[in-house]
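What follows is each chain in one-letter form.
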Amino acid sequence: MKEKIGTLLDDVKAFKAENIEQLEAFRIKYLSKKGVIAALFADFRNVVPEHRKEIGLMMNGLKTAVQDKIVSLKESLENITETAVKADLSLPASAPLGTRHPLSIVRNDIIDIFSRIGFTVSEGPEIEDDFHNFSALNFPADHPARDMQDTFFIEKDPDIALRTHTSSVQVRVMENSNPPIRTISPGRVFRNEAISARAHCIFHQVEGLYVDTDVSFADLKQTLYYFAKELFGEHTKTRFRPSYFPFTEPSAEMDISCNICGGKGCNICKYTGWVEILGCGMVDPNVLDACAIDSIKYTGFAFGMGVERITMLKYQINDLRLFFENDVRFLEQFKSTI
Ligand code: DAH
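All values reported here derive from a predicted model rather than from experimental measurement.

## Quick notes on empty space enclosed by the protein
Over the atoms rolls a probe the size of a water molecule, and in doing so it shows where empty space is left.
Part 1: A full pass over the atoms with the stated rule returns 1 cavity of 30 Å³ or more.
Part 2: Space inside the largest cavity adds up to approximately 40 Å³.
Part 3: Taken together, E128, D129, D130, N133, F134, T151, F153, D159, A161, L162 and R163 form the lining of the largest cavity.
Part 4: Contributing elements (two or more residues each) for the lining of the largest cavity: β2 (127–129), α6 (130–133) and β4 (160–162).
Part 5: Each residue belonging to the lining of the largest cavity can be placed in one class, and the counts come to 4 nonpolar, 2 polar and 5 charged.

Structure follows, in structure tokens:
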């Protein structure tokens, strides 16, 4: 009997199942009422008393080995089935296609519109020094925009900060190239502002710069009029209001006729029929000089716009925070060709 149990134990240890059915057959063979173990226990009656202890232990050992084997084979067979389900290569390729982020769609539209009239794209660093973000742009030393309230400083003396606008890129372009210059600079900017439906501490701008001989305010107006019609539609009207920026003189803000009510008046345009979309002006001669461009020979215009604001107007989105939440139900509503 000892020998028989020994052979059975070897069989059990060597057993392998390729599927659940084989494992079930194994269980029935050993553990069912008429199975191998039950038969052994029935034979146990015939074992002489002096061998009972030893053989009893061996039989229990065999039973435990069968049970352990079933548990471990079951686990590994279940794992195999799970993996097979996860990587079912026969499933049709129906993964939904992603969509471009609305801010990328509008940024690409803006780039496309200006490239058609000869503007190149320039980029600059997001971490800037005081010279490129402020001084070269004619900001007085005590200008409030330099204040800790608005600017995320990284180091003091010399000041290193996250750029507060993409106007810093026009300085870099002018330092490194000679007129004629015609470029736009899209990018992220950072301001220490409370996050709300209308403001965020990170947002996107597109800066524009045109420097050449005889560039006039009429060129600025015509360029931006073309841009507004391309982006918001042929019927769009523009108007320029006097404004102030340290780096332009004269400076203006450009409004477009409200694209929601068509100029009749609604809550988006606060019943004025107009919405502001960008700041602009003639490049201040001090800025040209700071960038080693001859301000007697050359003139230029510049403009800067917020991509979030333009996207909100274009798609009638009323909360700027939606752009940063990345909720697919919001994102998948936008489709683009570029
Ligand atoms: N840098 C300005 C801002 O962040 C936007 C701007 C206004 C840029 C007028 C310009 C400009 O180039 O001419 O608010």
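## Section: the pairing of strand β5 (residues 181–190)
Part 1: Among the 10 residues of β5, 8 are classified as buried, and the element is accordingly described as predominantly covered.
Part 2: Sheet topology note: the strand β1 (residues 120–121)/β5 ladder contains 2 bridges and is parallel. Paired with T120 across the bridge in β5 is T183.
Part 3: In the sheet, β5 pairs with strand β6 (residues 202–212) via 10 bridges, with the strands oriented antiparallel. Residue pairing across strands places G187 opposite Q205, the latter belonging to β6.

## What to know about the site of the ligand
Part 1: Lining the immediate surroundings of the ligand are 15 residues, of which H165, S167, R191, Q205 and E207 lie closest.
Part 2: In the environment of the ligand, a nitrogen atom lies 2.9 Å from a nitrogen or oxygen atom belonging to the side chain of S167.
Part 3: Between the ligand and E207, the relevant distance is 2.6 Å, taken from an oxygen atom to a side-chain nitrogen or oxygen of the residue.
Part 4: Notes on the ligand: free accessible area 350 Å², of which the protein chains cover 89%.
Part 5: Elements represented by at least two residues in the shell around the ligand include exactly α7 (167–176), β6, β9 (274–283) and β10 (299–306).
Part 6: For the shell around the ligand, the per-class residue count stands at 5 nonpolar, 8 polar and 2 charged.

## Thoughts on the pattern of salt bridges
Side chains that differ in sign of charge can pair as their charged atoms come close.
Part 1: What the rule picks out here adds up to 14 salt bridges.
Part 2: Among the salt bridges present, the one from R116 reaches E230, with a minimum N-O distance of 2.4 Å. With R116 in the loop between α5 (102–115) and β1 and E230 in helix α8 (residues 217–232), the pair connects residues that are 114 residues apart, well separated along the chain.
Part 3: Classification of R116 by relative accessible area gives partly exposed; the value is 47%.
Part 4: We classify E230 as partly exposed; its relative accessible area is 38%.
Part 5: Across the salt bridge formed by R321 and D319, the nearest N and O atoms sit 2.9 Å from each other.
Part 6: On the accessibility criterion, R321 (33% relative accessible area) is partly exposed.
Part 7: A single network of salt bridges, built from pairs that share partners, joins R239, R241, E253 and D255.

## Some details on the domain arrangement of the protein chain
Part 1: When cut into domains, the protein chain gives domain 1 (2–87) and domain 2 (102–334).
Part 2: Just the C-alpha atoms count here: the centres of domain 1 and domain 2 sit 77 Å apart.

## A look at unusual backbone geometry
Part 1: That bond from P179 to P180 is cis: its omega, 5°, falls within 30 degrees of zero.
Part 2: Looking at where P180 falls in the secondary structure, it is placed in the loop between α7 and β5.
Part 3: Here E249 and P250 are connected by a cis peptide whose omega angle stands at -5°.
Part 4: Tracing the chain through its elements places P250 in strand β8 (residues 248–257).

Basis of the calculations
- Residues numbered from 1 in each chain as written.
- Predicted model: local features only at pLDDT ≥ 70, side-chain atom pairs only at ≥ 80, totals over all residues.
- Heavy atoms only, no water.
- 1 Å grid on protein atoms, 1.4 Å probe; cavity = no way out; pocket = protein on both sides within 12 Å on 5 of 7 lines; lining within 4 Å.
- Points joined across faces, edges and corners; volume = space filled by probe spheres on them.
- Helix = DSSP H or I, 4+ residues; strand = E, 2+ residues; numbered from the N terminus.
- Nonpolar A, V, L, I, M, F, W, Y, C, P; charged D, E, K, R; others polar.
- Buried < 20%, exposed > 50% of the residue type's maximum accessible area, 1.4 Å probe, protein only.
- Pairing = 2+ DSSP bridges.
- Near = heavy atom within 4 Å.
- Polar contact = N/O pair within 3.5 Å; in protein donor to acceptor, adjacent residues only side chain to side chain.
- Areas by Shrake-Rupley, 256 points an atom, 1.4 Å probe, with all protein chains shown as cover.
- Salt bridge = Lys/Arg side-chain N within 4 Å of Asp/Glu carboxyl O.
- Domains from an automatic or database assignment.

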